[in-house]
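One letter stands for each residue in the lines below.
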Amino acid sequence: MDDMTYDAIVVGSGISGGWAAKELTEHGLRTIVLEAGRPIDPAVDYVQNVRPYDLRYRGMGDRKRKDRYQPIQRNTGACDEWSSKFFVNDLENPYSFPDGKPFYWIRGRQVGGRSIMWGRCVYRWSDLDFEANAKEGFGVDWPLRYKDLAPWWSHVEKFVGVQGRKENLATLPDGEFQPPWELNAAEQRSRDILLAKFGGERLITNARLAVLTQNHDGRAACHLCGHCPRGCMTFSYFSSINSTLPAARKTGRLTLRPFSVVHSVIYDPAKKRATGVRFIDANTKQVIDVKAKVVFLCASAMESTRILLNSATAEFPTGLGNSSGELGHNLMDHIMDGGATGTLPFALDRREIGNRPDAIYVPRFRNIKTKHPNFLRGYGFEGRAERAGWDRGAGTPGFGAAFKKSLIKDLGPWEMSFGGFGEMLPRHENYVSLDPHLVDSWGIPALRVNCVYSDNEKKMQEDMVVSATEMLEALGATNIRTFKEDNPPGLVIHESGTARMGRDPKTSVLNSHNQMWDVPNVFVTDGACMPSTANQNPSITYMALTARAADYARQLLNRREL
Amino acid sequence: MRRREVVQFLGAALALPFIPRGTEAAIEFGESLHLRLGDVPFRTLNREQQALVTNIAEMIIPETDTPGATSVKVPEFIDLILTDWADDEERATFLAGLRDIDARAATMGAQRFVDLTPTRKTELLTALDAANSDKAGAGLAFARLKALTVYGYFTSKRVEQEVLHTQIVFMGYQGNVPFTPAA
């Protein structure tokens, strides 16, 4: 191919790449989006209404196929019989980790990336989160504060369509909300009880979700089928395919190229700028160079860093833009799988109609007013109260006509569950590097991941069990079942860090605008940029950072500074 | 069953005598073969085991004014899971558990479970239901049978459409709707 020249290149079409594509094209830039995976056609690929009886294993999944081709991906719940096709083939996309220190890297390589299967929870940060690194001496200080990002959160929330309940919490600022779904009868009662017993410190609020409750921008309000990770024919939740890529396409300046596996960024040492990127056509294996004035890496935290590590030059022998030595380091995830479930004693005469994909949230309450003796920072709980219906059958004593009738006609009691999502501290010793031997199916050197949870995360997980149990006890719950899983990092699918932002080029890879200190026309706006993770679900923050960086790139281009 | 899966399923289940040329022709061939066979053949459970599994599944969810486990092909579903989903150890443990159920029946004066009187069958299953945390033997086999029977029954098309009347999409969410279990 000759003369593949654009104004901007965006690598990746997931949450961040979709936003980069939308913003850059709307700023007037002719933009090519390079996506490693296949195209997605909602009419064909979205399977929200496929019923269990239309699947060979009724939704139990093709276990042997997953064992063989998706031994890593299979560990996440959404990689089920409907949606496993949205997760990568692990044999084609290998990576390594040291013996005994697994890291689960859950990936989606297709147009839309993981925005198709994401959890859709969107929470802003507060300055409690932005200031934590500086106050506690972990990692580097964020070069941003709440006031810097607030307008950009507003900007993206208005386009995304976020439902939420305004709570006026200093630690979890409200956003631009559509009205939320109501709490169900058991959740509302639980909220009232916890408000009384914990004085507002532990608050059950409505989950803040990128799922529409009102029609918005040509997308329909959610129809509550409850199966978001299968795709959504009515585009009711936010994804690149449902939202940002159509907006970018509307400008007439978008070129979307699937099956384009980016190998590296091409660097011109004379100009000290990137001239473009090199990619491999996934089908023909042809190596193709594409040129542009500006490059946005949005391939996901570890993939963007992998591209930079694979872009080493004589000037940057350990990876492009790695004069700080921090590229690849400070890898984080969150920690989850600590909490409890219990049977509520009330609201047996009430039911819900409609399947909400997510229900409630308990904002962080640790290390805000008082210091917890065992760990720094904090966690929030996701949860819900629900009645199991027939699904309780296997665990319910009995059999025969009365048993059958009870499963059909009754719903079982309300079960309330709280599952924690906690902050993981940034640590230099958690890092990715290039594996010296391993390559992927396209011959591109693969990553080796060195990452473990520290004592701080493990102590936090222990506390999730304690505080979830306290809340269930306060609700009068019986049959309380605690859980604490010793899962490897990665499984929360909030991996971040490895090319952090900072105030000082000596200790960070990116400046406060996600711009590489060393290569000013390369921006990294996915999770790689994060100096810390707070405990909130991260995607809306990547969106805001991407939009902010795209605006900055526009200003620099207008001033001819790139 | 979706067209693609008909081929996939039969391709895995049977040694096809020949594959017609072209995808569409292959799909049509697969569908015609599927129709001719009628039911999915059993591939793991032998005739005695089929009779045992069918008997117990129907006792867990019997035919009443609504379909029972047998008429929505729960035993066939269990055979599919045993054949293609379970690993070798799980399958062996389950089949050993079935043998143990017959061995228990033998101590109750019948040759096999299916030969017991209805009262004695209920007596034995009640005992096994209380032993559902057993890691092997008859208790485990019954626990697995019960879980698969409930799951296979309630995920069948007929039960979803004719018994549960499952609503797929909703005009809005209601979280506080009065409910009384039907008598």
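All figures in this text were calculated on a predicted structure; none of them were measured in a lab. (Residues numbered from 1 in each chain as written. Chains lettered and ligands numbered in written order. Predicted model: local features only at pLDDT ≥ 70, side-chain atom pairs only at ≥ 80, totals over all residues.)

**Description of the overall build of chain B**
Right, on to step 1. When helices and strands are tallied, chain B shows 8 helices and 1 strand.
Right, on to step 2. The order of α-helices and β-strands along chain B, N terminus first, is α-α-α-α-α-α-α-α-β.
Right, on to step 3. Relative to its full complement of 183 residues, chain B shows a buried share of 28%.
Right, on to step 4. Summarising the internal contacts of chain B: among those between residues at least 6 apart in sequence, 57% fall at separations of at least 24. (Helix = DSSP H or I, 4+ residues; strand = E, 2+ residues; numbered from the N terminus. Buried ≥ 20, exposed ≤ 12 C-beta atoms within 10 Å, placed from the backbone. Contact = placed C-beta atoms within 7 Å.)

**Examining the sheet that holds strand β8 (residues 273-281) of chain A**
Residue and element names in this part refer to chain A.
Right, on to step 1. Taken together, the 3 strands give an open sheet; going across it, the order is β7-β8-β9, and neighbouring strands pair in antiparallel fashion. Edge positions in the sheet fall to β7 (260-268) and β9 (287-291), since each has one partner strand and no second. The average angle at which neighbouring strand axes cross in this sheet is 30 degrees, direction not considered.
Right, on to step 2. Looking at chain direction, β7 and β8 are connected through 8 bridges and run antiparallel. Within β8, the residue paired with V261 across the bridge is I280. (Pairing = 2+ DSSP bridges. Axes fitted to C-alpha atoms, helices over the stretch in contact; angles between N-to-C directions.)

**A closer look at the nonpolar core**
Residue and element names in this part refer to chain A.
Right, on to step 1. Residues I9, V10, V11, V295, F296 and L297 are the most contacted members of the largest nonpolar core, which totals 147 residues.
Right, on to step 2. No other element matches helix α12 (residues 539-558), which puts 9 residues into this core.
Right, on to step 3. Domain assignment of the residues forming this core places at least three in each of domain 1 (8-120 + 235-333 + 428-452 + 492-558) and domain 2 (168-226 + 334-427 + 453-484).
Right, on to step 4. Apart from residues no more than four positions distant in its own chain, V10 is found in contact with G17, A20, A21, L24, T31, V33, F296 and C298. (Core = buried A, V, L, I, M, F, W, Y, C linked by C-beta atoms within 7 Å. Domains from an automatic or database assignment.)

**Some remarks on helix α6 (residues 146-160) of chain A**
Residue and element names in this part refer to chain A.
Right, on to step 1. With 15 residues, α6 should reach 21 Å at 1.5 Å per residue; the first-to-last C-alpha distance of 20 Å fits that figure.
Right, on to step 2. Turning to α6, the residues buried within the fold contact α1 (15-26), β3 (162-163), α8 (240-250) and α12.
Right, on to step 3. G161, located one to two residues past α6, shows a positive phi value of around 85 degrees. (Expected span 1.5 Å × (residues − 1).)

**Topic: the sheet that holds strand β6 (residues 254-257) of chain A**
All names here are of chain A.
Right, on to step 1. Pairing within the open sheet is parallel, and its 5 strands lie in the order β6-β2-β1-β10-β20. Two strands in the sheet have a free side with no partner beyond their single neighbour: β6 and β20 (522-524). In this sheet, neighbouring strand axes are inclined to one another by 15 degrees on average, regardless of whether the strands run parallel or antiparallel.
Right, on to step 2. Bridge count for strand β1 (residues 8-11) against strand β2 (residues 31-34) is 4 bridges, and the pairing is parallel. Its bridge partner lying in β2, V10 is registered against V33.

**Remarks on the domain arrangement of chain A**
Residue and element names in this part refer to chain A.
Right, on to step 1. The domains assigned to chain A are domain 1 (8-120 + 235-333 + 428-452 + 492-558) and domain 2 (168-226 + 334-427 + 453-484).
Right, on to step 2. With 22 residues of domain 1 in contact, the opposing surface of domain 2 contributes 26 residues.
Right, on to step 3. Split into classes, the residues belonging to the side of domain 1 that touches domain 2 amount to 8 nonpolar, 11 polar and 3 charged. (Nonpolar A, V, L, I, M, F, W, Y, C, P; charged D, E, K, R; others polar.)

**Let's talk about the interface of chain A and chain B**
Right, on to step 1. Across the boundary between the two partners, chain A contributes 40 residues, which contact 38 residues of chain B.
Right, on to step 2. Those elements that place two or more of their residues in the side of chain A that touches chain B are α3 (63-69), β13 (350-353) and α10 (401-409) of chain A.
Right, on to step 3. Here the residues of the side of chain A that touches chain B sort into 17 nonpolar, 8 polar and 15 charged.
Right, on to step 4. Bridging between β13(A) and strand β1 (residues 174-178) of chain B involves 3 bridges; their strand directions are antiparallel.

**With respect to the confidence of the model for chain B**
Residue and element names in this part refer to chain B.
Right, on to step 1. With 78% of its residues at a pLDDT of at least 70, chain B reaches an overall mean of 84.
Right, on to step 2. Below pLDDT 50 for its whole length, residues 1-23 participates in 24 contacts with residues either more than four positions away or in separate chains.
Right, on to step 3. pLDDT under 50 marks residues 29-38. Its contacts with residues more than four places away, or in other chains, come to 8 contacts.
Right, on to step 4. Scored as a complex, the prediction yields pTM 0.93 and ipTM 0.94. (pLDDT = per-residue confidence, 0-100.)

**Side note on the packing of helix α4 (residues 74-85) of chain B against helix α7 (residues 137-154) of chain B**
All names here are of chain B.
Right, on to step 1. Axis separation between α4 and α7 bottoms out at 9 Å; the angle between their running directions is 115 degrees. In terms of crossing hand, the pair formed by α4 and α7 is right-handed. For the pair α4 and α7, the contacting residues are V74, F77, I78 and I81 in the first and L148, T149, G152 and Y153 in the second.
Right, on to step 2. Looking at the contact of α4 with α7 residue by residue, the class counts come to 6 nonpolar, 2 polar and no charged. (Left-handed = near helix turned anticlockwise from the far one by under 90°.)

**Looking at unusual backbone geometry**
Residues and elements named next belong to chain A.
Right, on to step 1. Despite not being glycine, N479 has its phi angle at roughly 50 degrees, a positive value.
Right, on to step 2. By secondary structure assignment, the location of N479 is in strand β19 (residues 478-484).
Right, on to step 3. Look at N479 and you get exposed, because 10 C-beta atoms sit within 10 Å.
Right, on to step 4. Although it is not a glycine, N514 adopts a positive phi angle of roughly 65 degrees.
Right, on to step 5. Residue position: N514 is located in the loop between β19 and β20.

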